[in-house]
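Spelled out from the first residue to the last, the chains are:
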Amino acid sequence: MSSVLYDTPGPRAKRRNVVLSIVFALLLVLLLWWLWQKMDDKKQLEWNLWEPFTTGEAWTTYLLPGLGNTLKAAAISMVIALPLGAVFGIARLSDHAWVRGVAGTVVEFFRSIPVLLLMLFANQFYVQYTDVSSEQRPLYAVVAGLVLYNASVLAEIVRAGILSLPKGQTEAAFAVGLRKGQTMSSILLPQAVTAMLPAIVSQLVVIVKDTALGGVMLGFTELLNSRSTLAANYANVIPSFIVVGLIFIALNFTLTSFAGWLERRLRRSKKSTGAVLGEDTVEVNPAAVGGTFGTGGEGGGPSGFTFKDKPPR
């Protein structure tokens, strides 16, 4: 089926697409075979390297605790960064210049600094100016860096999502007497959430992956850091990387799948459910139709229209 953006391929285009698909599949098979051969030559496919992952010790001692710390840091960062980003995103749309200026400065400053540098600064701050214990300090530093960076990015996502809505939404709200705060909370934000959801979820996936930076630089015992300890004990560096990579893929795929389901549910809930009046519901008075609408008859309809029964709601 043709559309504005897509034309139905003809016979030659279909043959070309089939040939390209076959060539791509063959290249992918060759690449996988080459990787398999290289791993086999380096003796990375021997069973003793993969056997630890079939027992409970590698999971209960290393991987699951590391995964728990990854989820803990990511969850705390998400809970703080989401509302903080929404506040700064809305503040950048304020009518007051000083509010826009402060919010814009904060957002642009932290958005321009690498998240790893923010983690290192936060860690040093906790060392010199707080009494946070050395055991908890890596978690605090990771969360602080993730919140500062991702809240500024989410603020831009929120601002862009609100600005993407038609101006008529705001004008109609003002026309019925709503203040700007009421318009933002009751009309603009609920509609913008659905449009922003894919970008927000992408940023949440980034939060999950960036927890690994704290494991590498700050000694935070998240999943990737726990993998290094496991690999040192079992001498299975490559297999451990593969397993941890698959865990990250499964985790982020679950997050994006849930977000996709939530987005579809939000879109369905916003569809109109209004009933259409049939001709057997409304009685038309031809003599009255054609003039201006009056106050309506007994049924509550406009002049010339009378509801036979109570109109559906």
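Quick note: structure is the one above.
Predicted model, so just to flag it, every value in this text is computed and none were measured. (Residues numbered from 1 in each chain as written. Predicted model: local features only at pLDDT ≥ 70, side-chain atom pairs only at ≥ 80, totals over all residues. Heavy atoms only, no water.)

Time to look at the nonpolar core. L63, V142, I162 and L223 are the most contacted members of the largest nonpolar core, which has 47 residues in total. For this core, the secondary structure elements donating two or more residues are α3 (56-91), α5 (115-129), α6 (137-163), α8 (180-217), α9 (223-234) and α10 (237-269). (Core = buried A, V, L, I, M, F, W, Y, C linked by side-chain atoms within 4.5 Å. Buried < 20%, exposed > 50% of the residue type's maximum accessible area, 1.4 Å probe, protein only. Helix = DSSP H or I, 4+ residues; strand = E, 2+ residues; numbered from the N terminus.)

Moving on: unusual backbone geometry. Phi is positive for K43, close to 60 degrees, though the residue is something other than glycine. Looking at the secondary structure, you find K43 in the loop between α1 (11-41) and α2 (47-50). Taking the relative accessible area as the measure of exposure, K43 reaches 52% and is therefore exposed.

Taken as a whole, the largest pocket holds about 280 Å³ of empty space. In terms of lining residues, the largest pocket is bounded by L93, I162, L163, L165, P166, K167, T170, F174, K180, T183, M184 and L188. It is α8 that contributes the most residues to the lining of the largest pocket, four residues altogether. The residue makeup of the lining of the largest pocket, split by class, is eight nonpolar, two polar and two charged. (1 Å grid on protein atoms, 1.4 Å probe; cavity = no way out; pocket = protein on both sides within 12 Å on 5 of 7 lines; lining within 4 Å. Points joined across faces, edges and corners; volume = space filled by probe spheres on them. Nonpolar A, V, L, I, M, F, W, Y, C, P; charged D, E, K, R; others polar.)

Looking now at a nonpolar patch on the surface. The grouping of F24, L28, L31, L32, W33, W34 and L35 at the surface amounts to a nonpolar patch, some 760 Å² of accessible area in total. Mapped onto the fold, W34 is located in helix α1. (Patch = residues over 30% accessible without salt bridge, like charges linked within 9 Å, V, L, I, M, F, W, Y side chains within 5 Å. Areas by Shrake-Rupley, 256 points an atom, 1.4 Å probe, with all protein chains shown as cover. Salt bridge = Lys/Arg side-chain N within 4 Å of Asp/Glu carboxyl O.)

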